[in-house]
Structure formats: C-alpha cells, structure tokens
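Residue strings, one per chain:
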Amino acid sequence: MDTAPSAQPATTTAPAAANRRRVATAAALASAVEWYDYFVFGIAAALVLGDLYFPAGSSTAGVLASFATFAVGFLARPLGGIVAGHLGDKRGRKPMLVLALTLMGVSTTAIGLLPTYDTIGVAAPILLVLLRVAQGVAVGAQWGGAMLLATEYAPEGKRGVYGSVVQLGVPIGVVTANTVFLLAGALTTDSAFAAWGWRVPFLVGLLVLALAWYIHTRVEETPAFREAERALAEKEKSEQSSPLRTILRGHLGTVLLAGGSFAVNTATFYILITGVLDYTTRELDMKKGPVLLVSLCVSLTQLVLIPAAAALSDRVGRIRIYALGAVGIALWAVPLFLLIDTGSLLWLAVGTFVASCFLSIMYGPQAALFAELFTPEMRYTGASLGYQIAAVAGGGLAPFVMVLLLEATGTSMAVSGYIIALSVIALASIKVLASRANAAESEAASPEPAPESESAAGSAG
C-alpha cells in the first residue's frame, strides 16, 4: 500500500447511480466554470491588463505589476479555503460551493465592466486588485466543495476516477478561456481588442450564477458529510469542536506536506499557460493567436490524461502515480525551455505537451489523495488548506518569479532551475507522506488498538 488510508466511512444506503452521475456532472461543471473565470484573468494579465491598469515607463514593469495582481488572487485563496473549509465541515459541502460560485460570477463580471486607469485613475488598479482578491477567495472555497461532492459520492474503488472529474475543470477552463480569447481577438482589430474585446470573456462569468442556482436546487448533500454531521453533533454536546482548530493542532504537518507535494504542479502549470504566453509574445516575438492555440490544443489532451492517471491510481495506488508525475516534471524542466527558446511553434507544442503529460499524471489522483489524508469531519478544511498552500507557494507567484528570473539572469534555464527546485520539495514531501501512510497501515493491522485520540488521518499527519 503506498497511499494514505481511506477515511471514508460506510454509509447506510448507497447513493443511486443516477444521483451519482448528476452530482459528478454538477461538480465537474462547477470546477470548469470556476477555473474558466479564474484563468481569463491570467490570459488578460499577459496580454492587456498591464497597459490598461498599470501604465509605466516600460512594458516589463507593466507586466510585473499585472502578474503581481494575478498573484494576489492566489494569496487570497487560503482565506477562501479556511473559511469555506471550516463552514463546509460544519454546515455542508453544497452551500459553500454555491456561495463560491456566486462570488466568482459576480467578481468576474465586475472585472469585465471595470473602467481603466485612463478613465478613473488610480481607483482602477485598486478595484482590479480587490476584485482579483474576491476571485481568489472564491476559487479557494470552490475546490474543496466540488472535490468532496465528487469523491464522497464515489462508489467503492472509484474515488480516483470520480475525483478526476473535478480536476478536469482545469483543462476545460483553460480550453474555454483560450477559445473565447482567440475568438475575441479574431473578431476584432488590435485596437478594438484593447478597447473592449478583452472584456467579453469576463462577461461570460454571468453564466456561473445559473450553475450556482442549479446546484442549490438539484444537488443533495454528500452521504459522508451526513455521517460526519451526526458524529460532530454528538461531539459538540460534550465539547466545542472546530475543524480548523483540529487541523492546526493535530494535522498541520499533513497539510504542509500536501502543499509541498503539489506546489511544483501549480507553478509549472501557470508558467505554461501564463508565463510562457508572455515570454513567447514579448521576448521571442511570437504571435499571440498561434501561441494561444497551442495552449488550447495541449489542454485538450489533458481531458484524456487526467482521468486515465486517476483510474490507474485506483488500481496501483495514489502516491506511486503522483510521484511519477513529479519525477517527470523535474526531468523535463530543462528540455522544456530549450525547445521553447527555438521560437518554433512546433517545438513549443512538443515541449508544453510533454510537460502537460507529467502535470496530468500528478493532477489526476491528487483530489482523491488529498481527500484520503483527512477524516470527513475535517476533510474540507484539511484538503483545501493543503491545496491552497500549494497554490500560493507555486502557482500564484510562478509567472512573477519567471519574469524576475528572466530579467535577472537573461536565460530561461533559471526558470528550469526554479521548477527543479520545487520538484525536489515535492518528492521529499511525497516520500514523507508515503512513509506516514505505510506506518498508519501497519498500525491499523496491529492487534493492539491505537489510542482513541488518533485517527487514520492523524496517523498520516
């Protein structure tokens, strides 16, 4: 056994297959539209936001300011994960997911309507930052809710596959965001795109509100939460319990290890979809349309690779597949930028495709792996915190760090070194998680009972 023990309790009645499919579809759609709204900001940050909201003496300064605003959204994600995790473990997965979708839809639409610096002056970048913070809070709250809706409805032995439907929201979000930007660019002149065309992808955020209403009215709470709710109610009769307090006191190590294991994935992902877009168009003089098309096509391949990796993890173990992806990212970091630096669209496609394969191998089993690290009564809080720590440490800062490294060193090999360093941290974290999981399994198999205060997740944490 090479993964953490499952903490999913048995339920008295299994959810009907039709209900499972409806919940899985709703979770996948929630993830897709949420990530779409989040990614359109990253694409806009690389293409237009620097000039419109952060006018400066150099294009590099504008891009840095734009990417810094992009990173602010990641800094806000743990707040969303903490608040929604705490309430989601005490009040339910579904209401937190609905709230996250509503906040994302409103904030994304507001960005699409926001006047520029030339119109309202310094208020423009301030409001842009605040709306980006709202997006960050929303996506920080969303992932745990969508992931748990899917994995806690999963039939026995299928948690990896069910978790992967939520992970598919990322490539679907990238594909749709790139597609809408490509259409907006193709249907407008350069001046029209800068004036209003870039706003159209943000206004699509209104559709998120319709999905939030559907989930609110048609999706039931998960069986695992209903079981945990009964146990929590009994516990609260004798003591005041808090999922966040429980995590911070007894399972913070597991949260930090989960974050450390995943930071390389989020960093490399955002380097590919945002940092490389800026680098190829600004430094290598490649056209933005073909580069966006490459990103779109590469993301389409993830729709096959992510569920395949997840299904394999159901058979051979989460951590084995997860670690394989981390090793691949480390080994491909240097060839990736050697290929990109040729300035050839073909080699850009090859380099980013191979990198995307390794990202998919990690991303497929990640939802189920993080869910299995914690028991249901603290699962939303623990899994969300681990994921959002990785997002801050890796994804949010990655495009900003990439620009700084390129400016400071003049070589893309510095970016490769950054990816390799995060890969080493990931592999070290994975090794410790695997050791703890094996120890927990051995303890569970021991004839001597474990102390009452320890849970499966506690043994792994």
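Residues numbered from 1 in each chain as written. Predicted model: local features only at pLDDT ≥ 70, side-chain atom pairs only at ≥ 80, totals over all residues. Heavy atoms only, no water.

Overview of the overall build of the protein chain
Okay, so step 1: Helices and strands together make up the secondary structure of the protein chain, namely 20 helices and 0 strands.
Okay, so step 2: A total of 461 residues make up the protein chain; the buried ones form 57% of that total.
Okay, so step 3: Taking the intrachain contacts of the protein chain between residues at least 6 apart in sequence as the baseline, contacts between residues at least 24 apart amount to 87%.
Okay, so step 4: Carbon and sulfur atoms make up 67% of the accessible area of the protein chain, which amounts to about 17,400 Å² in all. (Helix = DSSP H or I, 4+ residues; strand = E, 2+ residues; numbered from the N terminus. Buried < 20%, exposed > 50% of the residue type's maximum accessible area, 1.4 Å probe, protein only. Contact = heavy atoms within 4.5 Å. Areas by Shrake-Rupley, 256 points an atom, 1.4 Å probe, with all protein chains shown as cover.)

Details of the environment of Gly73
Okay, so step 1: Mapped onto the fold, Gly73 is located in helix 2 (residues 59-91).
Okay, so step 2: Taking the C-alpha atoms as reference, Gly73 lies 6.3 Å from Gln135; in sequence the two are 62 residues apart.
Okay, so step 3: Not counting the four nearest positions on each side in its chain, Gly73 is found in contact with Tyr38, Arg132 and Gly136.

A short note on the pattern of salt bridges
Once the charged atoms of two side chains with opposite charge are near each other, the side chains can pair.
Okay, so step 1: Going through the model one piece at a time under the given rule, you end up with 4 salt bridges.
Okay, so step 2: Put simply, Asp278 and Arg282 hold a salt bridge, and the shortest N to O gap is 2.9 Å. With Asp278 and Arg282 both in helix 13 (residues 252-283) and 4 residues apart, the pair spans about one turn of that helix.
Okay, so step 3: Here Arg282 ties to Glu283 by a salt bridge, and the two come within 3.1 Å at their closest N and O atoms.
Okay, so step 4: Each of Asp278, Arg282 and Glu283 takes part in salt bridges that share partners, so that together they form one network. (Salt bridge = Lys/Arg side-chain N within 4 Å of Asp/Glu carboxyl O.)

Brief notes about the packing of helix 6 (residues 159-167) against helix 14 (residues 288-316)
The relative placement of two packed helices is expressed as an angle between their axes plus a distance between the axes.
Okay, so step 1: It is at 7 Å that the axes of helix 6 and helix 14 come closest, and there the two elements cross at 160°. Between helix 6 and helix 14, the angle is such that the two are roughly antiparallel. For the pair helix 6 and helix 14, the sense of crossing is right-handed. Here Arg159, Gly160, Val161, Ser164 and Gln167 of helix 6 come into contact with helix 14, specifically with Ile306, Pro307, Ala310, Ala311, Ser313 and Asp314.
Okay, so step 2: Broken down by class, the residue content of the contact of helix 6 with helix 14 amounts to 5 nonpolar, 4 polar and 2 charged. (Axes fitted to C-alpha atoms, helices over the stretch in contact; angles between N-to-C directions. Parallel < 35°, antiparallel > 145°, perpendicular 65-115°, else oblique. Left-handed = near helix turned anticlockwise from the far one by under 90°. Nonpolar A, V, L, I, M, F, W, Y, C, P; charged D, E, K, R; others polar.)

Description of a nonpolar patch on the surface
Okay, so step 1: A cluster of nonpolar residues, Tyr117, Ile120, Val122, Ile126, Leu127 and Leu130, forms a patch on the protein surface that exposes about 520 Å² of accessible area.
Okay, so step 2: When contributions to the nonpolar patch are tallied by element, the ones reaching two or more residues are helix 4 (117-120) and helix 5 (123-151).
Okay, so step 3: Sorting elements by how many residues they give to the nonpolar patch places helix 5 first, with 3 residues.
Okay, so step 4: On the secondary structure map, Val122 appears in the loop between helix 4 and helix 5. (Patch = residues over 30% accessible without salt bridge, like charges linked within 9 Å, V, L, I, M, F, W, Y side chains within 5 Å.)

With respect to the confidence of the model for the protein chain
Okay, so step 1: With 84% of its residues at a pLDDT of 70 or more, the protein chain shows a mean pLDDT of 80.
Okay, so step 2: At the level of individual helices and strands, the protein chain shows its lowest average pLDDT in helix 20 (residues 456-460), which scores 38, and its highest in helix 15 (residues 318-340), which scores 95.
Okay, so step 3: Confidence drops under pLDDT 50 across residues 1-14; counting only partners more than four residues distant or on other chains, this segment forms 42 contacts.
Okay, so step 4: Between residues 450-461, whose pLDDT stays under 50, and residues either more than four places distant or in other chains, the model counts 25 contacts. (pLDDT = per-residue confidence, 0-100.)

Regarding the environment of Ala76
Okay, so step 1: Mapped onto the elements of the fold, Ala76 is located in helix 2.
Okay, so step 2: Among the residues examined, Ala76 registers a relative accessible area of 7% and is labelled buried.
Okay, so step 3: For the pair Ala76 and Val139, spaced 63 residues apart in sequence, the C-alpha separation works out to 9.2 Å.
Okay, so step 4: Sequence-distant contacts of Ala76, that is, excluding residues within four places in its chain, are made with Val133, Gly136 and Val137.

Points about the packing of aromatic side chains
Okay, so step 1: Under the criterion given, the structure shown has 7 aromatic pairs.
Okay, so step 2: Every member of this aromatic cluster is reached through a ring pair, and the members are Phe262, Tyr363, Phe370 and Tyr387.
Okay, so step 3: Across from the ring centre of Phe41, 4.5 Å away, lies the NZ or CZ of Arg132, which sits over that ring. (Phe/Tyr/Trp six-rings, centres within 6.5 Å; stacked < 30°, edge-to-face > 60°. Lys NZ or Arg CZ within 6 Å of the ring centre and 35° of its normal.)

Concerning the packing of helix 13 against helix 15
Okay, so step 1: At a closest axis distance of 10 Å, the pairing of helix 13 and helix 15 adopts a crossing angle of 20°. Taken together, helix 13 and helix 15 sit at an angle that is classed as roughly parallel. Classified by chirality, the crossing of helix 15 by helix 13 is left-handed. Counted together, Ser261, Phe262, Val264, Thr268, Ile271, Leu272, Val276, Tyr279 and Thr280 of helix 13 and Tyr322, Ile329, Leu336, Phe337 and Ile340 of helix 15 form the full contact between these two elements.
Okay, so step 2: For the contact of helix 13 with helix 15, the class distribution of residues is 11 nonpolar, 3 polar and no charged.

Topic: the side chain of Arg132
Okay, so step 1: Tracing the backbone through its elements, the reader meets Arg132 in helix 5.
Okay, so step 2: For Arg132, a relative accessible area of 0% corresponds to the buried category.
Okay, so step 3: Setting aside anything within four residues of it in sequence, one finds Arg132 in contact with Tyr38, Phe41, Thr69, Phe70, Gly73 and Phe74.

Some points on helix 16 (residues 345-372)
Okay, so step 1: Spanning 28 residues, helix 16 covers 41 Å between terminal C-alpha atoms, matching the ideal 40 Å at 1.5 Å per step.
Okay, so step 2: Where helix 16 bends most, the angle comes to about 45°, and this point is Gln366. (Expected span 1.5 Å × (residues − 1). Bend = angle between axes of the 7 residues up to and from the residue.)

Some words on the nonpolar core
Okay, so step 1: The biggest cluster of nonpolar side chains holds 123 residues, and the ones touching the most others in it are Phe39, Tyr53, Trp198, Tyr270, Ile271, Phe337 and Phe370.
Okay, so step 2: With 18 residues, the single largest contributor to this core is helix 1 (residues 17-53).
Okay, so step 3: Leave out the neighbours within four places in its chain, and Trp198 touches Val48, Leu49, Leu52, Tyr53, Ile111, Phe181 and Phe193. (Core = buried A, V, L, I, M, F, W, Y, C linked by side-chain atoms within 4.5 Å.)

Let's talk about helix 14
Okay, so step 1: Taking 1.5 Å of rise per residue, 29 residues should cover 42 Å, and helix 14 covers 41 Å from first to last C-alpha, within 8% of that figure.
Okay, so step 2: Maximal helix bending in helix 14 amounts to about 30°, located at Leu303; proline Pro307 follows within four positions.
Okay, so step 3: Of the residues making up helix 14, those classed as buried are Val291, Leu292, Val294, Ser295, Leu296, Val298, Ser299, Gln302, Ile306, Ala309, Ala310 and Ser313.
Okay, so step 4: A positive phi of about 110° marks Gly317, the residue just after helix 14.

A word on the side chain of Ser164
Okay, so step 1: Residue placement: Ser164 occurs in helix 6.
Okay, so step 2: Contact partners of Ser164, with chain neighbours within four places excluded, come to Ile306, Pro307, Ala310 and Gly364.

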